[in-house]
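Structural features, examined
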Amino acid sequence: MNLREWEYILMIAQEKSISKAAEKLYMTQPALSIFLSRLEASLGTELFRRESGGLSLTYAGERYVDIARQMVSLNRKFQQELCEINEERLGRIHIGTSAHIGSIVLPEVIPAFNEKYPNIEVAITEGSSRMLEDMISRGELDAALMHLPFQNLTGADYVEIKKDRYVMAFSKNHPLTSRVYEKTGEKYPFIDPREAAGKRFILSFPYQRVRQISDMILQKAGIVPDIRVTTSSVQTALRLAGAGLGVTFLPESYIQLFRWVREPCFCYMEEEWGAWWTFVIARPGKVPASGPVKEFIRIAEDIFKSET
């Protein structure tokens with residue numbers, strides 16, 4: 001087995017679907033299916049049960065996945081050591097990110113990183129906060145662009161990069177527009193989140209970090225939200241808010257990512273509401289960082305801390 005084949009099995013186990021795994025691996029479904037069938041035949045046992053709800057690991061599959069994770073982790077450690085030995089002339093770093101954070105951070109960091117390490121490949125994995133925490137815990141990423149607070153991640157190292165304010169967003173025709181107030185020198189007006197009591201809300205799913213911060217704000221405001229729409233897309237939530245369907249929350253830095261048909265009204269909240277999250281770069285605590293990983297983190301610190 002080569003490293004890529006170990007990664008095939010890990011991706012199938014993660015996605016619980018041949019088709020979804022093939023899509024993530026940029027290969028065809030038939031090719032991945034043939035690979036798995038041949039592997040199971042050579043082992044003389046099935047690694048996955050084929051069920052109506054998708055694929056699930058057999059006991060042999062669970063053991064195989066455990067070994068595959070160890071092999072991938074060992075290879076990464078070796079690559080890091082080799083990168084140091086070769087004075088970082090060649091190699092690869094694995095960076096995890098959510099789609100929105102990556103859209104903001106990576107275009108700023110990677111060009112500067114490539115100037116110093118033109119032959120170091122940056123392999124990017126996009127996923128939810130939960131998925132990134134799991135991958136960091138298993139040592140499958142060199143670093144991950146994430147936000148505090150962590151939900152299940154322990155034993156990781158992280159560097160705080162930037163605090164990002166949250167804003168409340170709603171239609172410019174919404175009754176809440178009469179409750180906003182201006183503050184000198186601020187880009188957006190302010191609102192007391194308690195003013196949104198009894199209003200309709202558009203929120204993301206509970207497992208998303210955006211929703212967890214939103215819930216914290218609402219809890220402090222004593223509001224049990226009337227949730228009319230739940231969506232995994234911040235952009236969809238904002239467009240629905242702009243169309244007058246409810247109130248939503250988002251980090252201020254995300255506003256630059258979207259274009260509007262109906263631009264919402266954006267409002268800050270006072271410091272007492274804790275309406276922010278902290279952008280960090282997390283790393284597996286037990287794995288020493290290579291020179292390129294340290295440099296990637298340093299560049300992100302230099303760029304984004306200078307903006308605060």
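Residues numbered from 1 in each chain as written. Predicted model: local features only at pLDDT ≥ 70, side-chain atom pairs only at ≥ 80, totals over all residues. Heavy atoms only, no water.

1. Examining the overall build of the chain
A tally of helices and strands in the chain yields 9 helices and 11 strands. Considering only C-alpha atoms, the chain reaches an extent of 70 × 50 × 35 Å along its principal axes. Pairs at least 24 residues apart make up 72% of the contacts formed inside the chain by residues separated by at least 6 positions. Summed over its atoms, the accessible surface of the chain is roughly 15800 Å², and 48% of this surface lies on carbon and sulfur atoms. For the chain, the centre of its 38 positive side-chain charges and the centre of its 39 negative side-chain charges are spaced 4 Å apart. (Helix = DSSP H or I, 4+ residues; strand = E, 2+ residues; numbered from the N terminus. Contact = heavy atoms within 4.5 Å. Areas by Shrake-Rupley, 256 points an atom, 1.4 Å probe, with all protein chains shown as cover. Lys, Arg positive; Asp, Glu negative; His and termini not counted. Charge placed at Lys NZ, Arg CZ, Asp CG, Glu CD.)

2. Things to note about the pairing of strand β7 (residues 200-203)
Looking at chain direction, β7 and strand β8 (residues 226-230) are connected through 4 bridges and run parallel. Note that in β8 the partner of I202 across the bridge is V229. Regarding topology, helix α7 (residues 209-220) serves as the crossover connection from β7 to the parallel β8, and that connection is right-handed. (Pairing = 2+ DSSP bridges. Right-handed = clockwise from strand over helix to strand, strands pointing away.)

3. Some words on the layout of surface pockets
Of the pockets and cavities examined, the largest pocket occupies roughly 840 Å³. Together, 30 residues line the largest pocket, and M11, Q14, L25, T125 and M135 are the ones closest to its centre. Every element with two or more residues in the lining of the largest pocket is listed here: α1 (3-15), α2 (18-25), β2 (54-57), α4 (59-85), β3 (91-97), β4 (120-126) and α6 (129-137). Ranked by residue count, the leading element in the lining of the largest pocket is α1, at 6 residues. When the residues that make up the lining of the largest pocket are grouped by side-chain class, the tally is 15 nonpolar, 4 polar and 11 charged. Volume-wise, the second largest pocket comes out at about 570 Å³. Top contributing element to the lining of the second largest pocket by residue count: α6, with 5 residues. (1 Å grid on protein atoms, 1.4 Å probe; cavity = no way out; pocket = protein on both sides within 12 Å on 5 of 7 lines; lining within 4 Å. Points joined across faces, edges and corners; volume = space filled by probe spheres on them. Nonpolar A, V, L, I, M, F, W, Y, C, P; charged D, E, K, R; others polar.)

4. Brief notes about the packing of aromatic side chains
Taken as a whole, this structure holds 14 aromatic pairs when the rule is applied. Where Y181 meets F190, the ring centres are 5.9 Å apart and the plane angle is 25°; that geometry is what we call stacked. Judged by its relative accessible area of 3%, F190 falls in the buried class. The ring of W276 carries the charged tip of K163 above its face, separated from the ring centre by 4.1 Å. It is K183 that lies over the ring of F190; its NZ or CZ is 4.7 Å from the centre. (Phe/Tyr/Trp six-rings, centres within 6.5 Å; stacked < 30°, edge-to-face > 60°. Buried < 20%, exposed > 50% of the residue type's maximum accessible area, 1.4 Å probe, protein only. Lys NZ or Arg CZ within 6 Å of the ring centre and 35° of its normal.)

5. Quick word on the pattern of salt bridges
A complete count under the given rule lists 19 salt bridges for this structure. We note a salt bridge from R4 to E7, for which the minimum N-O separation is 3.1 Å. With a gap of 3 residues between them, R4 and E7 both fall in helix α1, about one helical turn apart. Between R50 and E40 there is a salt bridge whose closest N-O contact spans 2.9 Å. Residue R50 is found in strand β1 (residues 48-51), and its partner E40 is found in helix α3 (residues 29-43); the two are separated by 10 residues along the sequence. Classification of R50 by relative accessible area gives partly exposed; the value is 46%. Sharing partners across several salt bridges, the network here consists of K116, E295, R298 and D302. (Salt bridge = Lys/Arg side-chain N within 4 Å of Asp/Glu carboxyl O.)

6. Details of the state of the cysteines
This model, assessed by the stated rule, comprises 0 disulfides. The closest cysteine sulfur to the non-disulfide-bonded C267 is located on C265, 3.8 Å from its own sulfur. Take C267: its relative accessible area is 0%, and that puts it in the buried class. (Disulfide = S-S within 2.5 Å.)

7. Examining the side chain of S98
Summarising the element assignment, S98 is placed in the loop between β3 and α5 (99-116). For S98, a relative accessible area of 15% puts it in the buried group. Only 3.3 Å separates the side chain of S98 from the backbone nitrogen of I101, close enough to count as a polar contact. S98 has contacts with G127, L132, L145 and Y254, leaving out every residue within four places of it along the chain. (Polar contact = N/O pair within 3.5 Å; in protein donor to acceptor, adjacent residues only side chain to side chain.)

8. Quick look at empty space enclosed by the protein
Scanning all chains against the criterion turns up 3 cavities of 30 Å³ or more. Volume-wise, the largest cavity comes out at about 60 Å³. The wall of the largest cavity is formed by I202, L203, S204, V210, S214, T231, S233, V234, A237, T248 and F249. Contributing elements (two or more residues each) for the lining of the largest cavity: β7, α7, α8 (234-242) and β9 (248-251). Looking at side-chain class alone, the lining of the largest cavity contains 6 nonpolar, 5 polar and no charged residues.

9. So, α8
The complete set of buried residues in α8 reads V234, A237, L238, A241 and G242. Burial along α8 is one-sided: seen end-on, the buried residues are contained in an arc of 135°. Tucked inside the fold, the buried residues of α8 contact α5, β6 (156-170), β7, α7, β9 and β10 (265-267). The opening residue of α8, the one whose side-chain oxygen lies 3.3 Å from the backbone nitrogen of Q235, is S233. Looking at the residues trailing α8, positive phi occurs at G244, about 90°. (Arc of directions from axis to C-beta.)

These results come straight from atomic positions and should not be treated as a statement about function.
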